[in-house]
Each structure stands twice: as structure tokens, then as C-alpha cells.
Amino acid sequence: MTVTEKNMANAIRALAMDAVQAANSGHPGMPMGMADVATVLFSDFLKYDPKAPKWADRDRFVLSAGHGSMLIYSLLHLTGYAHPTMQDIKDFRQLSSPCAGHPENFKLEGIETTTGPLGQGFATAVGMAVAERHLNALFGDDLVDHKTWVIAGDGCLMEGINHEAVGLAGHLGLGRLNVLWDDNGITIDGGTELSTCEDIPARYRASGWHVVSCDGHDFDDIRKALSEAEADPRPSLVACKTVIGFGAPTKQGTSATHGAPLGDEEIARAREALDWKHEPFVIPDDVLTSWRELGEKGAAARAEWNARLDGHKDEAEFKRRMAGELPDGKAMQDYMEGLAKDPPKWATRKASEMALGAITAALPEMIGGSADLTGSNNTKTPSTKPLTKDDYSGRYIYYGIREFGMAAAMNGMALHGGIIPYGGTFLVFTDYCRGAMRLSAIQSARAIYVMTHDSIGLGEDGPTHQPIEHVQSLRLMPNMHVFRPADAIETAECWALAIKRDTGPSTLALTRQGLPPLRQDVSANLCEQGAYRLKAAEGTKRVVLVATGSEVSLAMDVAAELEAAGHGADVISMPCAELFDAQSDAYKMDLLGGDGILRVSIEAGTTIGWERYTGLDGLRFGIDGFGASAPIDDLYAHFGLTADAIVPQIIEKIG
């Protein structure tokens, strides 16, 4: 019997129903509703090879509606990826299975990005599309010529980040980006009319997108719409009118299929309605063979691409960039040696700009940007001309006031490969970026966040702009390295560490105010251990002062007054607590001191968390309320962050 497209799509529906039912948890409705669209996409449009999941010129497919994860798990299995196996699918949502509740790219090849938080997959795909156009401008069609396809739901399009991503993609004219909207009119609460009356196609058209619609259960109509989207030079939204839970006789078209198992009785009736006469988790040989033949189609395109790459004049450089390997060179060391000869009094945001000048000249894979704060974040360098729809070879993106969209796009660029993205805004606005920063950490994306104006030191802008809890809250995020350097040399060292790190994101917290130079020795990267002894006690050691960033120079002033009073004091600079925590116990105890030593922390932010270093009997100087609007010196005095305020309290404590 001839295997029809409907038979192939029903294989997806059956696996989705069965896996969710077995787990007694999950979202069967979306995979069942979008099975027809996905079948056409994977049959006729998507460029992929299951035998080479990391093939550099594959199309990128992003399931932004990550709750419908059984859609991508089914597709990966059916088309012949090594994983998930059928047993993996049977164990859906169990600890032993790579088929997690939402797709995780570190568990399965073929998952391009971890999704689940609605809208972020879409916005991440924008970054992937930027990466493709940029690398195409550099290496040409022979090496880089692919598309980015997204399946997104109503929730993805409602989220605020969607407006940011849509605006950016339209402005940059990302015509290789095609979004397939699962237009089923249903959210968890019920019909979308409960919460929105928005004319979504009109919004997209107004943002510079091409929009086309189709019947999401008519294979020919789907194919026609996807062909039109593929051919249009603008980013495309394909509104696929679907029925959520298609095939479930009493529940399709309702929110009952969205986030719960259908139940044994409904699944049995759905099998009858779909004419699917097979036991749970059984795919008949003819259907599976048809899917596997589709999966084999990409091998020829990959072979042709490999032939073009072999011997290409840019072969070595292309491979280096896509592998994330850094080139050999001494640019940073030469730069730091120059700093050491004449140490400047710079704000660390300025020190960052100067370090970036050397870095971006040496690393062409660096693409920077700022959320409308270029002149404040100091993120643009002479090597980074603007990236625009007229010139994708540029290396600097003007993101506009789109902090969340910027961070998600950075994830997309990092995950695509060939690019190390960095982007800036004020540290306080990490609140806007946090969802994407968390996904950077979860999926080990090599994204670098340049966050300036890092404390009350920004002065008169007041408490709305003065970070208090932000640095410490970012330190709480697993796999995020937070760097708060104290001077120009530490800033350069922290940049070197952030670039070198290929297992996760980094955040640089940088000052607005100028800071005195504290170091001249650049023979080794002292920041690499997270903390180091900047000054050793001159007299008998009684106190260890631990500080970060702008407060390290304050700690040096405090130490000088303590020494003058006969109390020996070490000063420890701790630019990265995460790296310090990874050191040996012996190293940590050597820095922090043992019994009889008073440990004191100084940081212009919350004191919560510093007790892990000071102990409960230590002293912690910081700010546990909101800031205020005033000149910087007045603020530091007001909050007791001066040597005059701190020294007496230390002397009283040590007796």
C-alpha cells in the first residue's frame, strides 16, 4: 500500500498521544495539530542529514513552542537520528530519557536550542538567521547558504519578546527566516479571544515581514505557502490554521488537549478516527521506511557541500570559527603589557572598550552590540562596523531598546556557531535580559554580557538605575561567570577569560566612574583563580578584606588606615566568585585566613551571600536597601562605604 503524507503525519500524532499518556504528563495537542505542517516541512523544505547533525550548512529548525516537544522527538526518531530511540520516547519525561518535557539541545543532537519559555525560541532563531547572513557575507554561498525555520504557537507570538524579535528581524531584512505559526486559537485558559484581539498578520506586515496563510491540514496548501515564504526576500510568517489535538474526537479544538494526556478512551477513539490500527509505540515498517528515506535525502547535499569545502581557500578559517577555536596570537598580552607601563585611571567600562579594541581586531568572529546604549556601554570598536540589511558583513548590531531580544539573539548566534556574541546595557536592565541569560547558562552558550553602570557609583540617575541585588543574583545562576573587575588590568584579564570560556556565558559588571590603577604585574592572569591577594599584611595579620570592582580601591584605603593603627590587613580582590569557588580548599583558606582572623567584605550591593566568605562572625559592608539620587561621593558617604566609616567598625570588632 502506498504510504500517504497523512499516514506519515499520523505517525507523529500516535507517538505524541502514546508518549504523553505513558508519562501521564505533557502536551499532545500541538504535535497533533502541527503534524501535517511538520511533515511537509521535513519532506520538501528542510535541509538536514540525520547522519551529520552538526553539519555546518544544515537548515536550523527551532521548535519555539517547546511544550509540544513530542513533535520534534517524533521527527528526529522517524527521520533516522541516532537518538531518540523508541525506548527513549517510551520513557518521555523520565529521568533516564533525553526526551525531556521541553527540548534540551545538550541532550539530543538535532535540537538546535533549548526551548520552553515561550517566545524565546523564536527570538533565538532571529540570532541564528543573523549568524547565517553574516557568515554568508564573509564565506559566500559555497559554504554558507541555509535557512532558519521556526514553529511557534499563539503564546510565542503574545510574549513581549516577540515584539522585540519581530522588529529586529524585519529591520535587518532576515529573509532566510521563516516562522510557521500554529494558528489554532487556543491557550491553556481557553480560546485566544479571552485574552487578545490583536491583528497579528497586520503587526508583522507593519514590521517589514511577508505574511501568508494556509490550511494547516491541507498538504498542498501548506506546500504552496511554504514555497511562497521560502521565495520572499523578507522574513516570513506562515499562519497555519490548525486544529489543536487534531484527531481526538471529543477534545480536538479545545484546551483539553493542550497540557494533559488525552486518556485511554480518547486515544482509542482517535486511533479509529485517524485509521491508525497499530499498538502504542508501533510504527509500521512501510511508514517508517518512508520517513527514513526522507531523512536520507540530505546526504547528497551534504556531500556536495563537503566537496566545496575541501580545498576551499577559506577552509581552515571556516572550520576554526565553526569549532569555536580561538586563533593563536598575543594581542591581549601585548595590550596588557602596554597598560602596565602606564596604568590608566579609567572607568572599567572604558577599560572594557579599550580591551575590546584589541580583542575585536584579533578575533573576527566577535559580533557586538548594545540595546541603545552604545556610548554608555562603550561596546563599539574601530573593527566593528554596523551590521545592516545592506551589509551583513558588519560586526556591530544596533539592537534598539530591546534588551531581552538582544540577549536571545546572542544565544542564537552563539548556538549557530562561527560567532562569539557580546552585547551591552546597564546592569540594572539584566532584569529585562534575565530569561535569555538563564537559557545561555542552561545550554552553555558562549555569550558575553557587558553590563555597565554597576552600582550606586553611577550617581544621580537614582535607585531605578542603581543595581543593588543584581550582581549577587547573577552569581546565583548556575554556569554563569560574573566578573566585576577593579581596574584596567583586571578588566582585560576578565575579558580574556570570558572569551576563552566555551562552556557557558559570562557577565562583566563594569563601572561608570573612574577607578585608580591597582596592579602593574601582568606576568600571569591573576583573575583566573577568581580571587587573589592584592596586598599582604605588613604587620601581624588581623583582618582579611575581600572586595570586588570599585570597592577594591576602597579596601586598599581601609587597609592603609588599619596598618597605620597597628592592625595588619590583607586585601583580596575577588573579580569572579564562581572561579574562586572552584579552587582548592587550601587555596581558599590561604586567602581567607583561619582562626583569629576577621574577614570583611566590601561591595556596593547587597550583603546577602557574603557570609559564605566572611562567616557569621565577620563584617559585611554593602547596601541592603535601594539607592538614591545624588553625586557619587555623597552616595558612598551616605551608605557608609568610606574608609572613615568602615575602619572604626573593624577596629571595634577586633578589639
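Here the structure is shown first, and the text comes after it.
Residues numbered from 1 in each chain as written. Predicted model: local features only at pLDDT ≥ 70, side-chain atom pairs only at ≥ 80, totals over all residues. Heavy atoms only, no water.

1. A word on the overall build of the protein chain
Phase 1 of the analysis: Counting secondary structure elements, the protein chain contains 26 helices and 20 strands.
Phase 2 of the analysis: Since a compact globule built from 655 residues should have a radius of gyration of about 26 Å, the 28 Å found for the protein chain is in line with a globular shape.
Phase 3 of the analysis: Along the first, second and third principal axes, the C-alpha atoms of the protein chain reach 95 × 55 × 45 Å.
Phase 4 of the analysis: Evaluated residue by residue, the protein chain yields a buried proportion of 61% over its 655 residues.
Phase 5 of the analysis: For the protein chain, long-range pairs separated by at least 24 residues make up 77% of all intrachain contacts whose partners lie at least 6 apart in sequence. (Helix = DSSP H or I, 4+ residues; strand = E, 2+ residues; numbered from the N terminus. Rg over C-alpha atoms; globule rule 2.2 N^0.38 Å. Buried < 20%, exposed > 50% of the residue type's maximum accessible area, 1.4 Å probe, protein only. Contact = heavy atoms within 4.5 Å.)

2. Observations regarding the sheet that holds strand 19 (residues 598-602)
Phase 1 of the analysis: Spatially, the five strands line up as an open sheet ordered 16-18-17-19-20, and their pairing is mixed. Each edge of the open sheet is held by one strand with a lone partner, namely strand 16 (532-535) and strand 20 (619-621). On average, adjacent strands in this sheet sit at an angle of 25 degrees to one another, irrespective of strand direction.
Phase 2 of the analysis: Examined bridge by bridge, strand 17 (residues 541-547) and strand 18 (residues 568-573) share six bridges and lie parallel to one another. In the strand pairing of strand 18, V544 is matched with D570.
Phase 3 of the analysis: Where helix 26 (residues 643-654) meets the sheet, it contacts strand 17, strand 19 and strand 20, and its direction lies at approximately 170 degrees from that of strand 20. (Pairing = 2+ DSSP bridges. Axes fitted to C-alpha atoms, helices over the stretch in contact; angles between N-to-C directions.)

3. Focus: the packing of aromatic side chains
Two descriptors summarise a pair of aromatic rings, namely the distance from one centre to the other and the angle between the planes of the rings.
Phase 1 of the analysis: Counted according to the given criterion, the structure contains 17 aromatic pairs.
Phase 2 of the analysis: Among the aromatic side chains, those forming a connected cluster through ring pairs are W55, F139, W305 and F318.
Phase 3 of the analysis: Sitting over the face of the ring of Y396, K380 holds its NZ or CZ atom 5.8 Å from the ring centroid. (Phe/Tyr/Trp six-rings, centres within 6.5 Å; stacked < 30°, edge-to-face > 60°. Lys NZ or Arg CZ within 6 Å of the ring centre and 35° of its normal.)

4. Overview of a negative patch on the surface
Phase 1 of the analysis: Side chains of E460, D461, D633 and D634 sit close together on the surface and give a patch of like negative charge.
Phase 2 of the analysis: Relative to the helices and strands, D461 is located in the loop between strand 12 (448-452) and helix 19 (470-475).
Phase 3 of the analysis: Assessed through its relative accessible area of 47%, D461 is described here as partly exposed. (Patch = residues over 30% accessible without salt bridge, like charges linked within 9 Å, V, L, I, M, F, W, Y side chains within 5 Å. Areas by Shrake-Rupley, 256 points an atom, 1.4 Å probe, with all protein chains shown as cover. Salt bridge = Lys/Arg side-chain N within 4 Å of Asp/Glu carboxyl O. Lys, Arg positive; Asp, Glu negative; His and termini not counted. Charge placed at Lys NZ, Arg CZ, Asp CG, Glu CD.)

5. Re helix 17 (residues 403-416)
Phase 1 of the analysis: An ideal rise of 1.5 Å per residue puts 20 Å on 14 residues; helix 17 measures up with 20 Å between its terminal C-alpha atoms.
Phase 2 of the analysis: Among the 14 residues in helix 17, 13 count as buried, and that is most of the element.
Phase 3 of the analysis: With its phi angle positive at about 100 degrees, G417 sits one or two positions after the end of helix 17. (Expected span 1.5 Å × (residues − 1).)

6. A few points about the pattern of salt bridges
When their charged atoms lie close together, side chains carrying opposite charge are able to pair.
Phase 1 of the analysis: Tallying each qualifying case throughout the model produces 38 salt bridges.
Phase 2 of the analysis: For D183, the salt bridge is made with K241, and the minimal N-O distance between the two is 3.9 Å. Of the two residues, D183 is situated in strand 3 (residues 177-183) and K241 in strand 7 (residues 236-241); the sequence distance between them amounts to 58 residues.
Phase 3 of the analysis: D183 sits in the buried class, given a relative accessible area of 16%.

7. Considering the nonpolar core
Phase 1 of the analysis: Formed by 118 residues in total, the largest nonpolar core has its most connected members in F122, L177, L180 and W291.
Phase 2 of the analysis: Per-element accounting of this core gives the leading share, ten residues, to helix 1 (residues 5-23).
Phase 3 of the analysis: Filtering out sequence-adjacent residues up to four positions away, F122 remains in contact with S64, V150, A152, L157, N162, A165, V166, V179, Y204 and W209.
Phase 4 of the analysis: Residues I597, L598, I623 and A630 belong to the second largest nonpolar core, which totals 45 residues. (Core = buried A, V, L, I, M, F, W, Y, C linked by side-chain atoms within 4.5 Å.)

8. Things to note about the packing of helix 5 (residues 120-139) against helix 17
Phase 1 of the analysis: For the pair helix 5 and helix 17, interaxial distance at closest approach is 6 Å and the crossing angle is 55 degrees. As judged from the angle between their axes, helix 5 and helix 17 are oblique. In this structure, the crossing between helix 5 and helix 17 has a hand that is right-handed. On the side of helix 5, the interface is formed by Q120, A123, T124, G127, M128, V130, A131, E132 and L135, while helix 17 contributes F404, A408, A409, N411, G412, M413, L415 and H416.
Phase 2 of the analysis: Residues that form the contact of helix 5 with helix 17 fall into these classes: ten nonpolar, six polar and one charged. (Parallel < 35°, antiparallel > 145°, perpendicular 65-115°, else oblique. Left-handed = near helix turned anticlockwise from the far one by under 90°. Nonpolar A, V, L, I, M, F, W, Y, C, P; charged D, E, K, R; others polar.)

9. Focus: helix 26
Phase 1 of the analysis: Counted at 1.5 Å a residue, the expected span for helix 26 with its twelve residues is 16 Å, and the 16 Å between its end C-alpha atoms agrees.
Phase 2 of the analysis: Residues A643, I646, V647, I650 and I654 constitute the buried set of helix 26. Buried residues of helix 26 fall within an arc of 100 degrees about the axis and therefore sit on the same side. Looking at helix 26, the residues exposed on the side facing more than 90 degrees away from the buried face are D644 and E652.
Phase 3 of the analysis: Buried-residue contacts for helix 26 involve strand 17, helix 21 (551-564), strand 19 and strand 20.
Phase 4 of the analysis: Positioned one or two residues after helix 26, G655 has a phi angle of 80 degrees, which is positive. (Arc of directions from axis to C-beta.)

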